[in-house]
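Structure at a glance
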Amino acid sequence: MASILRFRKLCILVPVKCSPVSYESHDAPEAEKKEDSPISAVEQVSEKPQVKKNKRQPKQWRCIDKCCWIIGYICTTWWLILFSFNCLTANLPGLKVPEPPGARLRREGLTALHPVVLVPGIVTGGLELWEGKPCSEGLFRKRLWGGNFAEIFKRPLCLLEHLSLDNETGLDPPGIRVRAVAGLVAADYFAPGYFVWANLIENLAKIGYEGKNMYMAAYDWRLSFQNTEIRDQTLSILKSQIELMYLTNGRKKVVVVPHSMGVIYFLHFLKWVEAPPPMGGGGGPDWCNKHVKAIMNIGPAFLGVPKAVGSLLSAESKDVAFLRAMAPGLFSSKTLGLQTLEHAMRVGRTWDSVISLLPKGGETIWGNLDWSPEEGHVCDSLKKRQLQASASDDKGNNSDSRRAFHVKELTKYGRIVSFGKNASELPSSQFSPLVFKGSSTNSASVSCGKVWTEYNEMSHDSIRRVAENKAYTAETVMDLLRLVAPKLMQRAEAQFSHGIAEDLDDPKYNHYKYWSNPLETKLPNAPDMEIYCLYGAGLPTERSYVYKLTPSDRCKSIPFQIDGSADGSNSCLKGGVYFGDGDESVPVISGGFMCAKGWRGRTRFNPSGIATYIREYHHKAPTSLLEGRGLESGSHVAIMGNVAFIEDVLRVAAGASGAGLGGDKVYSDIMRMSERIDIRL
């Protein structure tokens with residue numbers, strides 16, 4: 001009955017019309033609007049927001065709004081590209097997807113022969129949760145790293161807490177266990193649509209590879225290499241897996257394909273497997289020659305990367321410096337208080353593996369204040385072609401004018417960190433000697449902000465002295481890191497070394513801290529084995545940095561940052577970063593020197609004379625969406641989709657040798673650079 005009465009009341013109400021200000025009756029006079037009726041009640045409620053709406057001022061765009069829109073545009077564009085690549089090629093007539101190299105080689109008669117072991121590098125391997133804090137409820141055995149990264153946006157601080165390691169031990173924090181994802185899915189894709197190993201795995205499958213003869217040696221890339229064995233027995237598992245694949249595949253030797261930091265991880269394994277227990281695996285001196293046919297190192301960071309210095313010093317690289325210039329509030333806003341880089345630094349400085357990527361070999365390899373092996377490198381491609389044409393016209397004659405031109409264009413790459421553009425260009429005679437002795441800490445240990453870093457313990461005077469017109473080489477930058485991050489360096493340098501051995505027969509080099517440095521260890525006694533250095537060239541790659549002090553009135557900030565306003569006339573300096581040749585991450589000197597000179601022939605680093613080959617892949621940008629990230633890419637990760645690279649790996653796995661591939665294939669100046677490095681072999 002009540003429902004019927006309410007329906008009747010609605011039916012006899014006077015129709016209303018909508019005016020710009022309020023609701024009005026068609027027939028009711030002005031006086032009737034003031035009566036207590038359902039219509040007037042509606043009018044009273046509806047009038048208030050209308051008045052407020054008229055008084056509302058135009059919305060002011062804040063920094064966070066701009067950042068959200070930028071992120072939204074990037075994500076939308078990325079997904080549209082993925083949609084176009086995955087859907088349009090199948091639906092539009094006339095479009096043909098390039099044939100995979102594995103299918104073509106299968107038609108030529110190539111089949112699986114040698115078992116293949118894939119070793120991922122830093123960051124690209126997935127990590128999953130096995131035990132966590134209350135904030136991680138519902139994430140058991142779900143990926144915290146690698147995958148869709150949805151949890152980063154849902155609970156970012158919780159995720160960062162679980163990705164951090166213990167600052168004292170470099171192992172698990174109390175109550176947290178994060179482990180590497182197992183199997184080929186550990187590093188096939190880094191994120192949806194962003195392949196890492198997927199293309200190579202698919203092409204290997206096309207010539208007959210599967211789970212029984214292909215293995216992904218996943219490991220927790222945050223740990224120091226020896227700690228992966230101490231905590232997870234990863235090295236022992238890898239040894240057993242190689243032995244098993246050797247036995248179950250007709251005693252065929254294994255082809256190992258490590259990438260990036262995985263290259264020096266496997267170099268560590270080569271020494272570990274020979275060394276006696278308890279420090280080593282007890283395989284004996286002939287284990288590698290018996291079980292390993294070839295090591296095909298992709299984007300090898302044998303001698304480290306300068307970008308590791310930027311990561312530890314200010315949690316920056318060229319990409320972060322670019323984003324800071326585009327949207328400074330994202331990292332530096334007092335209002336937002338995000339402290340993005342402080343969080344990244346706090347987490348990254350607990351990962352001992354980052355220390356393994358610091359430049360090795362000091363000034364001998366990377367240059368000093370006045371010299372570097374890349375001396376004379378021309379960054380501008382047009383200018384480089386003009387110089388090559390001029391060189392061919394002169395038939396090798398060096399005129400005084402050309403020599404003067406080169407001197408004018410020299411870039412002092414040996415200064416890995418310079419505070420101020422002037423410091424990156426001044427003659428070395430104008431620098432005062434660097435002094436790192438004395439107390440650098442703030443006795444009060446005042447903590448600034450919610451995110452603690454070791455910079456909180458440095459006094460303002462110590463920070464200022466670091467930046468006073470100083471330039472740091474590969475040797476002195478290690479002293480700089482010991483000054484600004486003493487706890488990190490004390491912990492990590494017990495696991496890694498970055499020098500050059502004087503006497504490799506010295507018993508101290510039997511310690512595991514030297515095993516991942518090719519300049520402080522010998523290759524195994526494996527004369528039948530082959531070593532390949534496979535990497536991209538022709539891409540601007542971070543080589544050194546121009547820094548500046550951050551505003552001193554902000555207690556929360558990291559005190560140093562890349563000077564994004566520093567640009568040079570010689571085009572090598574852009575946004576505070578000096579670029580050289582490489583694959584965007586690893587300079588060619590790090591990726592190619594050992595194969596070009598350090599291990600070439602019988603040397604003290606390669607006493608058994610293992611054959612070495614350089615196979616460079618000159619970068620060529622994709623010409624259409626059908627090529628994805630590029631069928632001829634030389635980029636550090638996208639090289640995994642390079643057709644020529646995939647073909648080289650498949651041919652060696654099917655039984656070819658380096659000589660069968662055609663020997664060295666070189667596009668860069670790695671041979672000339674290597675000759676300029678004066679090192680005792």
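The residue numbering used here restarts from 1 in each chain and proceeds along that chain's sequence as written. A pLDDT threshold of at least 70 governs which residues receive local features in this predicted model, and a stricter bar of 80 or more applies before side-chain atom pairs are shown or counted, although totals over entire chains, interfaces and linings include all residues. The basis for every side-chain value is the complete set of non-hydrogen atoms in the structure, without hydrogens or water.

The protein chain is annotated in an unreviewed UniProt entry as phospholipid:diacylglycerol acyltransferase from Coffea arabica. UniProt positions are given in the numbering used here, feature names are shortened, and annotations may be inferred rather than shown by experiment. Checking UniProt for the protein chain, the heading Sequence similarities (unreviewed entry) contains the comment "Belongs to the AB hydrolase superfamily. Lipase family."

1. Side note on the nonpolar core
Among the nonpolar cores identified, the biggest contains 158 residues, and V117, W197, L200, F560 and F645 are the most heavily contacted of them. Numbering of helices and strands runs from the N terminus, with a helix taken as a DSSP run of H or I at least four residues long and a strand as a DSSP run of E at least two residues long. Among the elements that make up this core, the one with the highest residue count is helix α10 (residues 261-274) (10 residues). Setting aside residues up to four positions removed in sequence, F645 forms contacts with L200, I298, L534, Y617, I639 and M640. Only buried Ala, Val, Leu, Ile, Met, Phe, Trp, Tyr and Cys residues count toward a nonpolar core, and they belong to the same one when joined by side-chain atoms within 4.5 Å. Only protein chains enter the accessibility calculation, which uses a 1.4 Å probe. A residue is then buried if its area is under 20% of the maximum for its type, exposed if over 50%, and partly exposed in between. Counting 6 residues, the second largest nonpolar core, distinct from the first, contains Y413, V546, C572 and Y578. Whether two residues are in contact is decided by their heavy atoms: any pair within 4.5 Å suffices.

2. Some words on unusual backbone geometry
P277 connects to P278 through a cis peptide bond whose omega is 10 degrees. Tracing the chain through its elements places P278 in the loop between α10 and α11 (287-291). The backbone phi angle of Q233 is positive, close to 55 degrees, even though this residue is not glycine. Along the chain, the position of Q233 falls in the loop between α8 (225-232) and α9 (234-248).

3. Let's talk about the packing of aromatic side chains
Working definition: a ring pair exists when centres of Phe, Tyr or Trp rings (six-membered ring for Trp) sit within 6.5 Å. Plane angles under 30 degrees give stacked, over 60 give edge-to-face, the rest tilted. All chains considered together, the criterion is met by 20 aromatic pairs. Here F419 and Y547 contribute two aromatic rings whose centre-to-centre distance is 6.0 Å and whose plane-to-plane angle is 50 degrees, an arrangement assigned as tilted. A residue pair is termed long-range when its members are at least 10 positions apart, and F419 in strand β12 (residues 417-419) and Y547 in strand β15 (residues 539-549) qualify at 128 residues. The residues F419 and Y547 share a single accessibility class, namely buried. Summarising the aromatic geometry, the rings of Y617 and F645 are spaced 6.1 Å apart at their centres and angled 90 degrees between planes, so their arrangement reads as edge-to-face. Of the two residues, Y617 is situated in strand β19 (residues 611-618) and F645 in helix α23 (residues 643-653); the sequence distance between them amounts to 28 residues. One exposure class covers both Y617 and F645, and it is buried. Within the aromatic cluster, the residues linked to one another by ring pairs are F419, Y455, Y472, Y545, Y547 and F560. Put simply, a charge is over a ring when the Lys NZ or the Arg CZ is close to the ring centre, within 6 Å, and near the line of the ring normal, within 35 degrees. Here R629 stacks its cationic end above the ring of F195, 4.1 Å away from the centre of that ring.

4. Examining the pairing of strand β4 (residues 127-131)
Here, a strand pair is defined by DSSP locating no fewer than two bridges between the strands. Of the pairings in the sheet, the one linking β4 to strand β5 (residues 143-145) comprises 2 bridges and is antiparallel in character. For L127, the partnering residue across the bridge sits in β5 and is W145. As paired elements, β4 and strand β6 (residues 177-180) share 4 bridges and run antiparallel to each other. Considered in β6, the bridge of E128 is made with R179.

5. Description of the packing of α8 against α10
Contact geometry of α8 with α10 gives a least axis separation of 9 Å together with a crossing angle of 65 degrees. In this view, α8 runs roughly perpendicular relative to α10, as classed from their interaxial angle. Residues F225, Q226, T228 and E229 of α8 pack against M261, I264, Y265, H268 and W272 of α10. Here the residues of the contact of α8 with α10 are counted per class, giving 5 nonpolar, 3 polar and 1 charged. Angles shown run from 0 to 180 degrees and are taken between the N-to-C directions of axes, each axis being a line fitted to C-alpha atoms and, for helices, limited to the stretch in contact. Any angle that falls under 35 degrees is termed roughly parallel, while one over 145 is termed roughly antiparallel, one within 65 to 115 roughly perpendicular, and all others oblique. As a working rule, the residues Ala, Val, Leu, Ile, Met, Phe, Trp, Tyr, Cys and Pro are called nonpolar, Asp, Glu, Lys and Arg charged, and the rest polar, with Gly in that last group.

6. Considering the environment of E243
Among the secondary structure elements, E243 is positioned in helix α9. In sequence terms E243 and V254 are 11 residues apart; their C-alpha atoms lie 9.0 Å from each other. Look past the residues within four positions of E243 in its chain and what remains in contact with it is W287 and H291.

7. Side note on the side chain of N517
Among the secondary structure elements, N517 is positioned in the loop between α21 (486-492) and β14 (530-537). With relative accessibility at 0%, the residue N517 sits in the buried group. Residues adjacent in sequence count toward polar contacts only when both atoms are side-chain atoms; beyond that, a polar contact is any pair of N or O atoms within 3.5 Å, and within protein one must be able to donate a hydrogen and the other to accept it. A polar contact is formed between the side chain of N517 and the backbone oxygen of S497, at a distance of 3.4 Å. Excluding its chain neighbours within four sequence positions, the residues that come into contact with N517 are L267, K360, S497, H498 and G499.

8. Focus: the sheet that holds strand β11 (residues 292-298)
Taken in spatial order, the 6 strands line up as β9-β3-β10-β11-β14-β19 in an open sheet, and their pairing is parallel. The outermost strands of the open sheet, each flanked by one partner alone, are β9 (214-216) and β19. Neighbouring strand axes in the sheet, compared pairwise and without regard to direction, differ in orientation by 15 degrees on average. The strands touched by helix α22 (residues 588-598) are β14 and β19; relative to β14, the strand with the most contacts, the crossing angle is about 150 degrees.

9. Here's the deal with α8
Within α8, 7 of the 8 residues are buried, leaving the element largely enclosed by the surrounding structure. Along α8, the residues classified as buried are F225, Q226, N227, T228, E229, R231 and D232. If you follow the buried residues of α8, they end up packed against β6, α9 and α10. A positive backbone phi angle near 55 degrees is found at Q233, which sits one or two residues after α8.

10. Section: the side chain of N213
Its place among the elements puts N213 in the loop between α7 (198-206) and β9. With a relative accessible area of 7%, N213 lands in the buried category. Among the polar contacts made by the side chain of N213, one reaches the main-chain amide nitrogen of E210 at a distance of 2.8 Å. When residues no more than four places from it in sequence are discounted, the contact partners of N213 are A112, P115, V116, G208, M245 and N249.

11. Brief notes about the state of the cysteines
Cysteine sulfur atoms that pair up within 2.5 Å are treated as a disulfide. Scanning the model with the defined rule gives 3 disulfides in all. Here C135 is linked by a disulfide to C158, with a sulfur-sulfur distance of 2.1 Å. Measuring handedness by torsion sign, the sulfur bridge of C135 and C158 sits at about 80 degrees and is right-handed. Here the residue C135 occupies a position in the loop between β4 and β5, and C158 occupies one in helix α6 (residues 156-163), the gap between them amounting to 23 residues. Overall, the relative accessible area of 32% leaves C135 in the partly exposed class. Linked covalently through their sulfurs, C379 and C572 form a disulfide whose S-S length is 1.8 Å. The chirality of the disulfide connecting C379 with C572 is right-handed, given an S-S dihedral of about 105 degrees. One end of the pair, C379, is in the loop between α16 (362-366) and α17 (381-394); the other, C572, is in the loop between β16 (560-562) and β17 (573-574), and 193 residues separate them in sequence.

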